[in-house]
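Residue-level listing of the chains:
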Amino acid sequence: MIEFQHVTKKYDTKTALNDLNLTIKTGEIFGFLGHNGAGKSTTIKSLVSVIEPTAGKIVVDGKELSANRLEIKKRIGYVPDTPDLFLQLSAGEYWDLIAAAYEMTDSAKAERLAELAGLFDMLDHQDEAIGSFSHGMRQKTILIGALLPDPDIWVLDEPMTGLDPQASYDLKEMMKKHAARGNTVIFSTHVLDTAQQLCDELAILKKGQLIYNGNTEDLLAQSPGESLEAIYLKMAGRQS
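Residues numbered from 1 in each chain as written. Predicted model: local features only at pLDDT ≥ 70, side-chain atom pairs only at ≥ 80, totals over all residues. Heavy atoms only, no water.

**Student:** Sorry, what's going on with the packing of aromatic side chains here?
**Tutor:** Pairs of aromatic rings are described using the distance from one ring centre to the other and the angle between the two planes. What the rule picks out here adds up to two aromatic pairs. Taking 5.4 Å as the distance between ring centres and 40 degrees as the angle between the ring planes, the aromatic pair formed by Phe-86 and Tyr-94 counts as tilted. The cationic tip of Lys-9 hangs over the ring face of Tyr-11; the distance from NZ or CZ to the ring centre is 5.0 Å. (Phe/Tyr/Trp six-rings, centres within 6.5 Å; stacked < 30°, edge-to-face > 60°. Lys NZ or Arg CZ within 6 Å of the ring centre and 35° of its normal.)

**Student:** Looking at this model, I keep getting lost on helix 9 (residues 228-236). Mind explaining?
**Tutor:** Since the α-helix turns once every 3.6 residues, residues separated by three or four places project in the same direction. Regarding helix 9, the residues found buried are Leu-228, Ile-231, Tyr-232 and Ala-236. Down the axis of helix 9, the buried set is contained in an arc of 115 degrees. They therefore lie on one face. Where helix 9 is buried, its residues touch strand 3 (29-33), helix 7 (192-198), strand 9 (201-206), strand 10 (209-215) and helix 8 (216-221). Following helix 9 by one or two positions, Gly-237 has its phi on the positive side, about 55 degrees. (Buried < 20%, exposed > 50% of the residue type's maximum accessible area, 1.4 Å probe, protein only. Helix = DSSP H or I, 4+ residues; strand = E, 2+ residues; numbered from the N terminus. Arc of directions from axis to C-beta. Contact = heavy atoms within 4.5 Å.)

**Student:** Would you mind going over the side chain of Glu-201 with me for this structure?
**Tutor:** Relative to the helices and strands, Glu-201 resides in strand 9. Among the polar contacts listed, one links the side chain of Glu-201 to the side chain of Lys-25, at a separation of 2.5 Å. For Glu-201, the contacting residues outside a window of four places in its chain are Thr-23, Lys-25, Glu-28, Ile-29, Phe-30, Gly-31, Asn-213, Gly-214, Asn-215 and Thr-216. (Polar contact = N/O pair within 3.5 Å; in protein donor to acceptor, adjacent residues only side chain to side chain.)

Here it is as structure tokens:
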């Protein structure tokens, strides 16, 4: 279980996230929805220790993140909101770096890499520089790296952006199977159909404020016959 307790993030006079309180249960797919600048990436980056909240705390299975950062980070596979990272490395060098950081054995890395790189059609591109890849291939490279150590918590920020339909489908199936095995999948998306299809629970953010947190089916039941997209737009509206 992951708990955000009164988490706030400020940048000078701007409040990117304001007193966030929510719980993400183990064994579910949890989705963050919101317009650009709503606070989704700020929330995710706080969980994966890219940024430090101004106030509040994050607790993972009873352990406070700030006091157990390295231990908790090793349980997380993180896909950031841009794949434009480590562009000077080859895909294979990047995956080697991830495997070393998670202290994977050579045999475990080879087995998992064959599975993931095979699934995403990247086996023949291991020696090519990430900087030479298309956006979609960079996204696949980062995805493979995040999932390589098979962490129990997947944190995916807009993970399907740039993926071709087959890769997007394969990732969604992997997310379902990961959660079904009692693990946790957290992701953000602007694609409301994807959220409706996958999410057990949702958090909707607007201007750094949590405006909905609950079961996806319960939200849909509030407006029978309407899509999640229509309901979301009524709730989140325009940012101005």
